[in-house]
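Below are the chains, spelled out letter by letter.
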Amino acid sequence: MRTIEQVRIMKKILLQELKQLPQTNQLGYSNESDRQRLQSWIVDLTRIEHSGAINDQESEIGLWFKDDCWNYLCDYDMMVEEFKEYEEILRLTAQFKV
């Protein structure tokens, strides 16, 4: 099970993704379905954040919250981990160059 702090982090990431999502993709097709999917994930995360409970155990958010990752939300988790590693590498590099 995820912690409420992990829920807040994921919600923050998804809100940022939603803000950066263009109206159309590179092929000129609408990103509306992606926008709706992000919005529904954000709503679900907000419910979990406030109630501490999952409404739908088998939803994408429910599975992610239970740490049963097989959906797109796992990609966001991997990006967060990679970013943390990248930040650490930059910090260490800066220390050695000083």
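Right, let's walk through the structure included here. Please read these numbers as outputs of a predicted model, since none were measured by experiment.

### Quick look at the packing of helix α1 (residues 4-20) against helix α4 (residues 73-97)
- Between α1 and α4, the shortest axis-to-axis distance is 11 Å and the interhelical angle comes to 100 degrees. Judged by the angle between their axes, α1 and α4 are roughly perpendicular. For the pair formed by α1 and α4, the contact residues are Met10, Ile13, Leu14 and Glu17 on the first element and Leu73, Tyr76, Asp77 and Val80 on the second.
- In the contact of α1 with α4, the residues fall into six nonpolar, no polar and two charged.

### Section: the environment of lysine 11
- The topology assignment puts lysine 11 in helix α1.
- On a C-alpha basis, the gap between lysine 11 and serine 51 in space is 15 Å, while along the polypeptide they are 40 residues apart.
- If near-sequence neighbours (up to four positions away) are discounted, lysine 11 is found in contact with Ile42, Leu45, Thr46 and Glu49.

### Observations regarding helix α2 (residues 32-51)
- If you check α2, its first and last C-alpha atoms are 28 Å apart, about what 20 residues at 1.5 Å a residue would give, namely 28 Å.
- Taken together, the buried positions of α2 are occupied by Arg35, Leu38, Trp41, Ile42, Leu45, Ile48 and Glu49. An end-on view of α2 places all buried positions within 150 degrees of arc, on one side of the element. The exposed residues of α2 that point more than 90 degrees off its buried face are Ser33 and His50.
- On its buried face, α2 sits against α1, α3 (60-65) and α4.
- At the C-terminal side of α2, glycine 52 shows a positive phi close to 75 degrees.

Parameters at a glance
- Residues numbered from 1 in each chain as written.
- Predicted model: local features only at pLDDT ≥ 70, side-chain atom pairs only at ≥ 80, totals over all residues.
- Heavy atoms only, no water.
- Axes fitted to C-alpha atoms, helices over the stretch in contact; angles between N-to-C directions.
- Helix = DSSP H or I, 4+ residues; strand = E, 2+ residues; numbered from the N terminus.
- Parallel < 35°, antiparallel > 145°, perpendicular 65-115°, else oblique.
- Contact = heavy atoms within 4.5 Å.
- Nonpolar A, V, L, I, M, F, W, Y, C, P; charged D, E, K, R; others polar.
- Expected span 1.5 Å × (residues − 1).
- Buried < 20%, exposed > 50% of the residue type's maximum accessible area, 1.4 Å probe, protein only.
- Arc of directions from axis to C-beta.

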